[in-house]
Amino acid sequence: MDLDLLLGVGRFLLATTLLLLLTVPTAFVVIQMELKVIAQMQLRYGPNRIGPWGMFQSTIHGFKFLAKEDHMPDQADRTTFTLAPWMVYMAAAMSMLVIPWAPGAIAADFNIGIVYFFAIIGLSVVGMLVAGWASYNKYSLLGGLRSAAQMVSYEIPLTLSVVGVVVLGGSLNFREVIEWQLDHGWMLLWQPVGWGIFYIASLAEINRTPFDMVEADSELVAGPFTEYSGMRFGFFFFAEYVALFIMSGIMVALFFGGWLAPWPFPAQLEGFGGTLYGLFWFFLKSYLFVFVAVWLRATLPRVRVDQLMGMAWKVLLPLAMLNLIATAGVVVWLKL
Amino acid sequence: MTSEVRIPDSLHPERTEEARLRAAAGLAPAPATGGEYAGFESVGLPDRPPQTEREREVYTLGEGEMLFNMGPQHPSTHGVMRLVVKVRGEVVVDIDPVLGYLHRGIEKLCENATYTTVMTYVDPMDYLSAMHNEHAPAIAFEKLYGIKAPKRAEYIRALVVELNRVFSHGLMMGFQALDMGGLTPILYGFINRDEVVELLSAISGQRMLFNFFRVGGVNFDANDEFFSRLGTWRAGVLKTIEMNERIMTDNEIFRGRTIGMGVLSGPEAIALGVTGPSLRASGVPFDVRKAHPYSIYPELEFDVITQTGGDVYSRYLQRVAELKQSIHLIDQIVDKMPHGPVQAQVPGIIRPKPGRAYAAVESPRGLYSVYAISDGGPNPYRFRMRDPSFVSLQAMPKLMPGRLIADTMAVMASFDPVMGGVDK
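Residues numbered from 1 in each chain as written. Chains lettered and ligands numbered in written order. Predicted model: local features only at pLDDT ≥ 70, side-chain atom pairs only at ≥ 80, totals over all residues.

Draft legend 1. Seen up close, the overall build of chain B. Scanning chain B from N- to C-terminus turns up 18 helices and 8 strands. Reported as C-alpha extents along the three principal axes, the dimensions of chain B are approximately 90 × 55 × 50 Å. A buried classification covers 45% of the 424 residues belonging to chain B. Long-range pairs, those at least 24 residues apart, make up 69% of the contacts in chain B between residues at least 6 apart in sequence. (Helix = DSSP H or I, 4+ residues; strand = E, 2+ residues; numbered from the N terminus. Buried ≥ 20, exposed ≤ 12 C-beta atoms within 10 Å, placed from the backbone. Contact = placed C-beta atoms within 7 Å.)

Draft legend 2. Representation of the pairing of strand β3 (residues 91-98) of chain B within the structure. Residue and element names in this part refer to chain B. Relative to β3, strand β2 (residues 82-88) is paired through 7 bridges, and the arrangement is antiparallel. Within β3, the position partnered with Leu83 by the bridge is Pro97. As consecutive antiparallel partners, β2 and β3 are separated by 2 residues, and within that stretch Gly89 has a phi angle of approximately 65°, a positive value. (Pairing = 2+ DSSP bridges.)

Draft legend 3. View of the pairing of strand β8 (residues 382-386) of chain B. All names here are of chain B. On β8, burial follows the alternation: Phe383 and Met385 on one face are buried, whereas Arg382, Arg384 and Arg386 on the facing-out side are not. Sheet topology note: the strand β7 (residues 366-374)/β8 ladder contains 5 bridges and is antiparallel. What sits directly across from Val370, in β8, is Met385.

Draft legend 4. Focus on the sheet that holds strand β6 (residues 355-363) of chain B. All names here are of chain B. The strand order β6-β7-β8 describes an open sheet built from 3 strands, whose pairing is antiparallel. Of all the strands in the sheet, the pair left with one neighbour each is β6 and β8. Pairs of neighbouring strands in the sheet enclose a mean axial angle of 10°, with direction left out of account. Of the strands in this sheet, β6 and β7 touch helix α5 (residues 130-145), which is tilted by about 150° from β6. (Axes fitted to C-alpha atoms, helices over the stretch in contact; angles between N-to-C directions.)

Draft legend 5. Expanded view of the environment of B:Met81. Residues and elements named next belong to chain B. If you trace the backbone, Met81 turns up in the loop between β1 (66-70) and β2. Judged by local crowding, Met81 falls into the buried class, with 26 C-beta atoms found within 10 Å. In the structure, Met81 is positioned 33 residues away from Thr114 in sequence and 31 Å away in space, judged by C-alpha atoms. Ignoring anything within four residues of it in the chain, the contact list for Met81 reads Gly71, Pro72, Pro97, Leu99 and Met419.

Read these as geometric descriptors, not functional statements.
Below you can see the structure in the form of structure tokens.
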């Protein structure tokens, strides 16, 4: 048998297994960050019993899900009710495939990575909608429909704001966009408006405060997740926090130079040391934006559902269009 | 993977009485009355015919409408309140507040208690303003018995009552934010509450249900240590309040959601019987402390604060302004505090002459009043309390139609209802 094919299959299996396994510690770290950071902002201690500084609180939370009763409402649609958590979780896990962690550490370095990413991350809305419908619960139903409306609306400005980056960077490959930033400086300097739109829309896309309309615990109890318990709820929960990390990572890759150090001496290194160097900067920048998201959650109240849609269609979409046209014009004019 | 859920026979579609009778008669099972989700929109209908015209109106569903049951177990219904919301999509068509989940029969308990022990029963009514709950019966019983509390007792009463108002309004800011998705202000509000409650427990011995007022005085005198702690508290009290104001008052999202939301005009508020900060936020300058002065309030200098908007934002601003006014009043009370006894001479078991007495106080939620009838015995013949949050909730069905589900929570929080008081 062809050795190359075997190697390819082996490499694929290794990469996907690693990434699937990686979702769990990522979720644990982000949840732990949320618990501790919000606690500090609210002048309380936060978890401080399990492990040093309560370090393993979120891990225990994760294992707790496994021990809980897996309840299904009597009138729920059994097939779709079971499938929904997987759809949401797989959307988050599959989108990790194209994240540019460091030079030489991209699971799938293919030429339409950006398109792939936004296609896959948009799949989670199907899971939410299905979860809301299958639960036979009015809170779930409203939450599911809200999530459909919200994510579909915000995907448009989100994608349009990235098109500006693609036009400048001249590639749909994450690695090439980052290498473009090595020569020209961070994309943030070239696309500040695009970044603003991307940041707001990405918060809405992953249902973070102030756009957490889908869960909206003071109105819809837990939105589409109301009827879920045990590990099924755990998958939603993991997917949400993994998506938070992924969105931060993608934003870092597109606008903040990805694995590049913030100074040019040296922005990146060669070989295995370079991979570690890149990983360090990538994680530092990504978790910085996770921190900002947590900070926002501690600070802001929630916007209303009509204000949310109004903002997407009346503000962000025209702005993203203008930004795209201006970027394209400048690129053509200056022949960049 | 999934365990089989055991359903009681009465709920199981194939094991009901009707199905059993049909099977016995050799008939086919009853045909389903529609699709899999038939009847989904009307889950929540009461299992009896409508009793009133209003009930028929609320529970008759039009095209595309469904019933949406909020509570009694819901994250933001301020305790165990139940709102049956009729919605069309996300738009509220009608609201039916269903009360009584926390009813403990406090009025009846009070009628079986002596005049002194009534104070222990009224505490858990409106549990965020327990001092006010005791103030009104104390005044009413003193009127019945025909005695007056000593001057120092009246000052201490006013002091603890205003302290109570500070933490109640501080918490209202937090609940308002919490019901709109802001997580932090409630924590700051509870820090503020904890400081005040520590003070009140220093003077009364308890943190929440104080049992501090007596007929003809108060239970304990305030000593020097208390005043020293009060001074320390006074120096830092505005810290958490100002932190909350920074998060909320000028926050663009908060303003966008509250300004123009749930507008209650002055005449409407009067017609519905809304009192307290919610009434003054609609521009009606009615404050029991000024309109029907009691205790030592005629001796204190303060103005009746009003707002003009009548919306959720005005009601929030009104609370913040009154909180600061209360701190100002506390300063005056401490300055003017006289010396002397804190308890008039009363017998162990009080037997007032037959008669009636009414007393009203300004609680953080509005006009809280007590009507007591004595038949000459050791306990009140009739004891009736008017709770302001019960009356304020009446405004909900008037304000909500045409708004969104999310606004239900914001508007309800702006009236600051406490279910312990509503259900008594």
